[in-house]
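# Descriptive analysis of the structure
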Amino acid sequence: MRGGSDVTPDDFAALLVDVKERILAARTRAVLAVNAELVQLYWEVGRIIHERQRAEGWGAAVIPRLSSALRNELPEVKGFSERNIKRMLAFFREYPEMGAGGIVPPPVAQMTGRSSAPEAAAHVPREVFWAVPWAHHIIMMEKVKHLPTRFWYMEQTLAHGWSRNVLAVQIETEAHARQGKAITNFSALLPSPQSDLAQQALKDPYIFDFLTLDEPFHERELETSLVRHLEKFLLELGQGFAFVGRQYRLDVGGEDFYIDLLFYHLRLRAFIVIDLKRGRFRPEYAGKLNFYCNVVNDLLRHPDDQPTIGLILCQSKDNLLAEYSISGIDKPIGISTYELTRALPTHLKSALPTVEEIERELAEVQYREEEGE
DNA sequence: GCACCGTTAGTGGCTAGTAG
DNA sequence: CTACTAGCCACTAACGGTGC
């Protein structure tokens, strides 16, 4: 045993990493435990009210009484407004089987790590369910009616640490219907499980509605805009994409080639070359990207890295043509589309006031002010 | 060191729509 | 009609980052 004074820097660094990880892990566990207590309490309250209502024929009239009585007797306790108690009741009715002896977690499921399957699950592990924050549960109850889809969002929320706002955006843009949907040749060219992971890392379509680009635009304009909004671009790409560069120069035999966008994927441990295209997908894009992947493999890829992956982003594609085009390619390549705007649903459109309506409204306000109260 | 800002989860009020 | 549900959205306290 050495004395305490001659701890080498390496020893100390290892000690620091170890202790730090334990601190962070304990903090995460504590947060999750506190959250689970809250959500379980709300579920229990919902259950009690539900069962009393059924057994004793109470109406919803108990809820206002309960709410005001609780505020009198426990004024420091928040969260038992009428609205929230009604939500607890609705929460229990949505998931009555979540109590003791309820849904058994599938053996493979883990909270972090590998991304889950794209197919919406019929069940959700209980530790995931109870770890989802209350406010997220509320959004999902309000906006995702299909239960397996809702379970998918629960898993994703925890796996990616989505905030409430991010979750709302993912739901609005129907992330569940896009994840893993790119056309690729990964299953033929990449070993499992890398092929599954890579497939899951790509979407179709990508939605770039944070851009304000007018048609017609140039590919370089699109690229510049994406880089300018890099934060949102990365969020849309999804977990794990790290930006390496744009117009990344590759020197091949004295001739320069430029990659539109180069990323490194932290989970896949592979470079991802993105080629932006206007308009429809064309078969020759695949060949060019195949070449870029070869070059990146030669010049940039570390021996420990997985094979470089190419992604073609175009505005539309014929799926059959896309499949054929990548079937003869020897590098892993995916093809997805992007949308610059997602059309407003019609009910939203009609909810937006017209100029005339706004003017009429303003005129009325002015009229009322002149009349006095 | 501190004021300011934006974001967060949790909350709760309002109300359109619906059931009874 | 009333009672209730469900969706929308704004408020709030807490927190973390930033610039002076």
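This is a predicted model, so every value here is computed, not measured. (Residues numbered from 1 in each chain as written. Chains lettered and ligands numbered in written order. Predicted model: local features only at pLDDT ≥ 70, side-chain atom pairs only at ≥ 80, totals over all residues. Heavy atoms only, no water.)

### Overview of the overall build of chain A
- Along chain A, the regular secondary structure elements total 16 helices and 7 strands.
- When burial is assessed residue by residue, chain A has 38% of its 373 residues classed as buried.
- Contacts in chain A between residues far apart in sequence, at least 24 positions, make up 64% of those at least 6 positions apart.
- Total accessible area computed for chain A in this model is approximately 21600 Å², and 55% of it derives from carbon and sulfur atoms. (Helix = DSSP H or I, 4+ residues; strand = E, 2+ residues; numbered from the N terminus. Buried < 20%, exposed > 50% of the residue type's maximum accessible area, 1.4 Å probe, protein only. Contact = heavy atoms within 4.5 Å. Areas by Shrake-Rupley, 256 points an atom, 1.4 Å probe, with all protein chains shown as cover.)

### Some words on the packing of aromatic side chains
- Overall, the coordinates contain 21 aromatic pairs when judged by the stated rule.
- Ring geometry for Phe91 and Phe129: centres 5.7 Å apart, planes at 5°, overall stacked. Pair noted here: Phe91 is in helix H3 (residues 82–94) and Phe129 is in helix H4 (residues 126–131), with a separation of 38 residues, a long-range link. By the burial criterion, Phe91 is buried, and Phe129 matches it.
- Clustering of aromatic rings is evident, with ring pairs tying together Tyr42, Trp43, Phe80, Phe91, Phe92, Tyr95, Phe129, Trp130 and Trp134.
- One Lys or Arg, Lys277, reaches over the ring of Tyr285 and ends 4.7 Å from the middle of that ring. (Phe/Tyr/Trp six-rings, centres within 6.5 Å; stacked < 30°, edge-to-face > 60°. Lys NZ or Arg CZ within 6 Å of the ring centre and 35° of its normal.)

### Some details on the domain arrangement of chain A
- Domain assignment breaks chain A into domain 1 (6–95), domain 2 (97–176) and domain 3 (180–342).
- Every contact between the two is made by 16 residues of domain 1 and, on the other side, 18 residues of domain 2.
- Summed over both partners, the interface of domain 1 with domain 2 comes to about 1500 Å²; 71% of that surface belongs to carbon and sulfur atoms.
- Of the charged contacts in the structure, one is a salt bridge between Glu94 and Arg150, with a shortest N-O distance of 2.8 Å.
- Counting the contacts that link domain 1 with domain 2 gives 6 residue pairs in polar contact (both at pLDDT 80 or more).
- Those elements that provide at least two residues to the side of domain 1 that touches domain 2 are helix H1 (9–56) and H3. (Domains from an automatic or database assignment. Buried area = accessible area lost by both parts, 1.4 Å probe. Salt bridge = Lys/Arg side-chain N within 4 Å of Asp/Glu carboxyl O. Polar contact = N/O pair within 3.5 Å; in protein donor to acceptor, adjacent residues only side chain to side chain.)

### Observations concerning the packing of helix H2 (residues 62–73) against H3
- It is at 9 Å that the axes of H2 and H3 come closest, and there the two elements cross at 120°. The angle between H2 and H3 places the two elements in the oblique class. Along this stretch, H2 crosses H3, giving a crossing that reads as right-handed. Where H2 abuts H3, its residues Ile63, Pro64, Leu66, Ser67 and Arg71 lie against Glu82, Ile85, Lys86 and Leu89.
- Along the lines of polarity and charge, the residues of the contact of H2 with H3 split into 5 nonpolar, 1 polar and 3 charged. (Axes fitted to C-alpha atoms, helices over the stretch in contact; angles between N-to-C directions. Parallel < 35°, antiparallel > 145°, perpendicular 65-115°, else oblique. Left-handed = near helix turned anticlockwise from the far one by under 90°. Nonpolar A, V, L, I, M, F, W, Y, C, P; charged D, E, K, R; others polar.)

### Some thoughts on the protein's contact with DNA strand B
- The environment of DNA strand B is made up of 17 residues, and the closest members are Tyr42, Ser81, Arg87, Arg164 and Asn165.
- Sugar and phosphate atoms represent 54% of those atoms of DNA strand B found within 4 Å of the protein.
- Between a base nitrogen of DNA strand B and a side-chain N or O atom of Arg87, the distance comes to 2.4 Å.
- Contact between DNA strand B and Ala135: a phosphate oxygen at 3.0 Å from a main-chain N or O atom of the residue. (Near = heavy atom within 4 Å.)

### Observations concerning the side chain of Asp260
- Looking at the element boundaries, Asp260 is found in strand E4 (residues 255–265).
- Buried charge Asp260 goes without a salt bridge, the closest partner of opposite sign being Lys277 at 5.9 Å.
- Here the side chain of Asp260 touches Leu276 through a polar contact of 2.9 Å, landing on its backbone nitrogen.
- Beyond its immediate chain neighbours, meaning those up to four positions away, Asp260 contacts Glu223, Gly245, Arg246, Gln247, Ile274, Asp275 and Leu276. (Lys, Arg positive; Asp, Glu negative; His and termini not counted.)

### Quick look at the pairing of strand E3 (residues 241–252)
- Looking at chain direction, E3 and E4 are connected through 10 bridges and run antiparallel. When the bridges of E4 are listed, Phe243 appears paired with Phe263.
- Two successive antiparallel strands, E3 and E4, enclose a turn made up of 2 residues, where Gly253 displays a positive phi of approximately 55°. (Pairing = 2+ DSSP bridges.)

### Here we look at the packing of H3 against helix H5 (residues 134–143)
- Following both chains from N to C, one finds H3 and H5 inclined at 70°, their axes separated by 11 Å at the closest point. The pairing of H3 with H5 is recorded here as roughly perpendicular in orientation. By crossing handedness, the relation of H3 to H5 is classed as left-handed. On H5, the residues that touch Arg83, Asn84, Arg87, Met88, Ala90, Phe91 and Glu94 of H3 are Trp134, His137, Ile138, Met141 and Glu142.
- Considering only residue class, the contact of H3 with H5 consists of 6 nonpolar, 2 polar and 4 charged.

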